[in-house]
Amino acid sequence: MIELIPAIDIIDGQCVRLTKGDYDQKTVYRDSPAEVAKEFEQIGFKRLHVVDLDGAKSKHIVNDQVLQAITTETNLTVDFGGGIKTDEDIEKAFAAGASMVTVGSIAVTNPELFIGWLEKYGPERMILGADVRHGKISINGWKEDSEEDLLPFLKKYIDAGVRNVLCTEISKDGTLSGPAIDLYQKMMAAYPQLHLIASGGVSSIDDIKALDAAGIPAVVFGKAIYEGRIDLNQLIMDNG
């Protein structure tokens, strides 16, 4: 069965969602991310994806205290991303209780540093963030597009030991328009060994079932939860 990973995105300590990564299209859903995380755990989720959107914008971790509240108050396996640019940032994330970190921009701008982290912390604790817009990897909170094409970018790091990849199709993110299944199938066909985490566009349980049927190992979803489009108890039951 597909691994289910609800998402909490944080701005100013609050649980929010953006549309297509646009900070001007922000919706605040809850004041306490830790309370949301506890509710996810009570429903039956085991894993959580947390994004420090302030950190992504500022290029350094900002909301590590919110992360620490989540990891202190729940037993969820938390992966954390947003603003991890330096050794100090990654150490701060792990010190605040993250089990894994998602790193994207540094893998584009400083490959040697990313590979050093991969070797130091191990591939099981590192998730390569591969956020895509018009076929190119996007960085720094999706504010900049790089010249990196998706599949060669993945190959470089799979060869270096990466096993976990989180891929967001930015044009889908926060739109509730359905996930980019064709893109994920292309990635899995090229690199079937990947633990690929699909992100962006999920609007319903049927979307998650379609990803599962397509052989995608894991899915992150957020806005569909907060907009009441997914019955989480039903989703947990359906996923066995």
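One can find the structure itself at the top, above this paragraph.
The present account deals with the structure reproduced in this document.

Cut-off values and rules
- Residues numbered from 1 in each chain as written.
- Predicted model: local features only at pLDDT ≥ 70, side-chain atom pairs only at ≥ 80, totals over all residues.
- Heavy atoms only, no water.
- Helix = DSSP H or I, 4+ residues; strand = E, 2+ residues; numbered from the N terminus.
- Axes fitted to C-alpha atoms, helices over the stretch in contact; angles between N-to-C directions.
- Parallel < 35°, antiparallel > 145°, perpendicular 65-115°, else oblique.
- Left-handed = near helix turned anticlockwise from the far one by under 90°.
- Contact = heavy atoms within 4.5 Å.
- Nonpolar A, V, L, I, M, F, W, Y, C, P; charged D, E, K, R; others polar.
- Buried < 20%, exposed > 50% of the residue type's maximum accessible area, 1.4 Å probe, protein only.
- Arc of directions from axis to C-beta.
- Core = buried A, V, L, I, M, F, W, Y, C linked by side-chain atoms within 4.5 Å.
- Phe/Tyr/Trp six-rings, centres within 6.5 Å; stacked < 30°, edge-to-face > 60°.

**Notes on the environment of Asp173**
- Structurally, Asp173 is set in the loop between β10 (164-169) and α8 (181-190).
- Distance from Asp173 to Leu113, taken between C-alpha atoms, is 28 Å for residues 60 residues apart in sequence.

**What about the packing of helix α1 (residues 33-43) against helix α3 (residues 64-73)?**
- Across the interface, α1 lies against α3 with an axial gap of 9 Å and an inter-helix angle of 30°. As the angle between them shows, α1 and α3 are arranged roughly parallel. In terms of crossing hand, the pair formed by α1 and α3 is right-handed. Here α1 contributes Pro33, Ala34, Glu35, Ala37, Lys38 and Glu41 to the contact with α3, which in turn contributes Val66, Ala69, Ile70 and Glu73.
- For the contact of α1 with α3, a count of residues per class yields six nonpolar, no polar and four charged.

**Quick look at helix α4 (residues 87-95)**
- Taken residue by residue, α4 has Asp89, Ile90, Ala93 and Phe94 as its buried positions. The arc that holds every buried residue of α4, seen down its axis, measures 130°, which confines them to one face. Facing away from the buried side of α4 by more than 90 degrees, the exposed set consists of Glu88 and Ala95.
- Packing partners of the buried residues in α4 comprise α3, β5 (77-81), β6 (100-103), α6 (111-121) and β7 (126-133).
- A positive backbone phi angle near 105° is found at Gly97, which sits one or two residues after α4.

**Concerning the nonpolar core**
- Within the largest apolar cluster, 72 residues are counted, with the highest numbers of intra-cluster contacts made by Leu154, Tyr184 and Phe221.
- Sequence-distant contacts of Leu154, defined by excluding residues within four places in its chain, comprise Leu128, Ala130, Val165, Met187 and Tyr191.
- Judged by nonpolar contacts, the second largest core, of eight residues, contains Ala7, Ile127, Leu166 and Ala218.

**Some thoughts on the packing of aromatic side chains**
- Going through the model one piece at a time under the given rule, you end up with seven aromatic pairs.
- Arranged with centres 5.0 Å apart and planes meeting at 75°, the rings of Phe114 and Tyr157 form a pair that is edge-to-face. You can see Phe114 sitting in helix α6 and its partner Tyr157 sitting in helix α7 (residues 150-159), a full 43 residues away along the chain.
- Residue classification places Phe114 among the buried positions, given a relative accessible area of 0%.
- Measuring from centroid to centroid gives 5.4 Å for Phe153 and Tyr157, while their planes differ by 75°, and the two rings are edge-to-face.

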